Amino acid sequence: MKTILSYCLIFLWFCNFAQEPCAYHLSPYATSIEDPTTTVSGEMMEVKIKNNYQVQFIKVDKKNYLKIIVRDNLGFGKTGSLLLQPIKKQIYIKSAKLHIIDKSSGYFIIDLNNSNYLNSIKDYGLNKIIFNETVEFSIPKNDSEQIKKLAECFFDIVKDNIWPKVNKL
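Parameters and conventions
- Residues numbered from 1 in each chain as written.
- Predicted model: local features only at pLDDT ≥ 70, side-chain atom pairs only at ≥ 80, totals over all residues.
- Heavy atoms only, no water.
- Helix = DSSP H or I, 4+ residues; strand = E, 2+ residues; numbered from the N terminus.
- Buried < 20%, exposed > 50% of the residue type's maximum accessible area, 1.4 Å probe, protein only.
- Contact = heavy atoms within 4.5 Å.
- Areas by Shrake-Rupley, 256 points an atom, 1.4 Å probe, with all protein chains shown as cover.
- Pairing = 2+ DSSP bridges.
- Axes fitted to C-alpha atoms, helices over the stretch in contact; angles between N-to-C directions.
- Left-handed = near helix turned anticlockwise from the far one by under 90°.
- Nonpolar A, V, L, I, M, F, W, Y, C, P; charged D, E, K, R; others polar.
- Phe/Tyr/Trp six-rings, centres within 6.5 Å; stacked < 30°, edge-to-face > 60°.
- Lys NZ or Arg CZ within 6 Å of the ring centre and 35° of its normal.

Novice: Where do I start with the overall build of the chain in this structure?
Specialist: Along its length, the chain carries three helices and 10 strands. The linear arrangement of helices and strands in the chain, starting from the amino end, is α-β-β-β-β-β-β-β-β-α-β-β-α. Relative to its 169 residues, the chain shows a buried fraction of 41%. Contacts in the chain between residues at least 24 apart in sequence constitute 57% of all its contacts with a sequence separation of at least 6. Summed over all atoms, the accessible surface of the chain reaches about 10500 Å², with 53% contributed by carbon and sulfur.

Novice: Whenever I open this one, the sheet that holds strand 7 (residues 99-102) confuses me. Can you help?
Specialist: Across a sheet, paired strands are connected by hydrogen bonds in the backbone, their directions being either parallel or antiparallel. Sheet architecture is open: six strands sit in the order 1-2-3-4-8-7, paired in antiparallel fashion. Of all strands in the sheet, those bounded by a partner on one side alone are strand 1 (27-31) and strand 7. Mean inter-strand twist for the sheet, computed between neighbouring axes without regard to direction, equals 35°. As judged from the six bridges shared by strand 4 (residues 63-70) and strand 8 (residues 105-111), these two strands associate in the antiparallel manner.

Novice: For this particular structure, what's the right way to read the packing of helix 2 (residues 117-124) against helix 3 (residues 141-162)?
Specialist: What describes two packed helices is the angle between their axes and the distance between those same axes. One way to put it is that helix 2 packs onto helix 3 with a least axis distance of 7 Å and a crossing angle of 140°. When the axes of helix 2 and helix 3 are compared, the crossing they make is left-handed. Across the interface between the two elements, L118, N119, I121, K122, D123 and Y124 of helix 2 pack against S144, I147, K148, A151, E152, F154, F155, V158 and I162 of helix 3. Tallied by class, residues from the contact of helix 2 with helix 3 come to nine nonpolar, two polar and four charged.

Novice: Is there a simple way to explain the packing of aromatic side chains in this structure?
Specialist: In total, this model carries three aromatic pairs according to the counting rule given. We note K67 situated over the ring of Y107; from NZ or CZ to the ring centre the distance is 4.3 Å. For the cation-ring pair, K122 lies above F155, with the distance from its terminal atom to the ring centre recorded as 4.8 Å.

Novice: Hey, could you run me through the sheet that holds strand 10 (residues 135-138) in this one?
Specialist: Strand order in this open sheet of four strands is 6-5-9-10, and the pairing throughout is antiparallel. Looking at the sheet topology across the chains shown, the edges are occupied by strand 6 (91-97) and strand 10. When the angles between neighbouring strand axes are averaged without regard to direction, this sheet yields 20°. Note that strand 5 (residues 79-85) and strand 6 share five bridges and pair antiparallel. In the strand pairing of strand 6, T79 is matched with K97.

Written out as structure tokens, the structure reads:
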């Protein structure tokens, strides 16, 4: 019995070393959130995808954001519905603004706190971005997998900040 227990413990010890560490790390970053003219200090993880788009997960104190920088004019400066489509779920934001960075790029900012958005992206990746129900951007499968891995790493760091703590009586 002791031999079996010893083998199990050794196996579990080796399995612990076999787990792959996250390839992405938070780095210090100054970024604009709601107002493109104002910057805030925080930490960020990012991945570049098709058409030089960028997907960033940003942590500013206890607030967490998803920032998607687009290079095509999907409607710079406009406000409308935003649909993010992971493989099996949909993330629908009723009113999202496509903030202008310069004449050839803009960004969406999505608050991740108090929502399951990060969980959905972590579990299923991201396949499409649809803005104002008319403009669509498809994300290739390999880019979707990178976004999924990035979301997993970010989730491991901020999982305690996504939902507020509930005091139980």
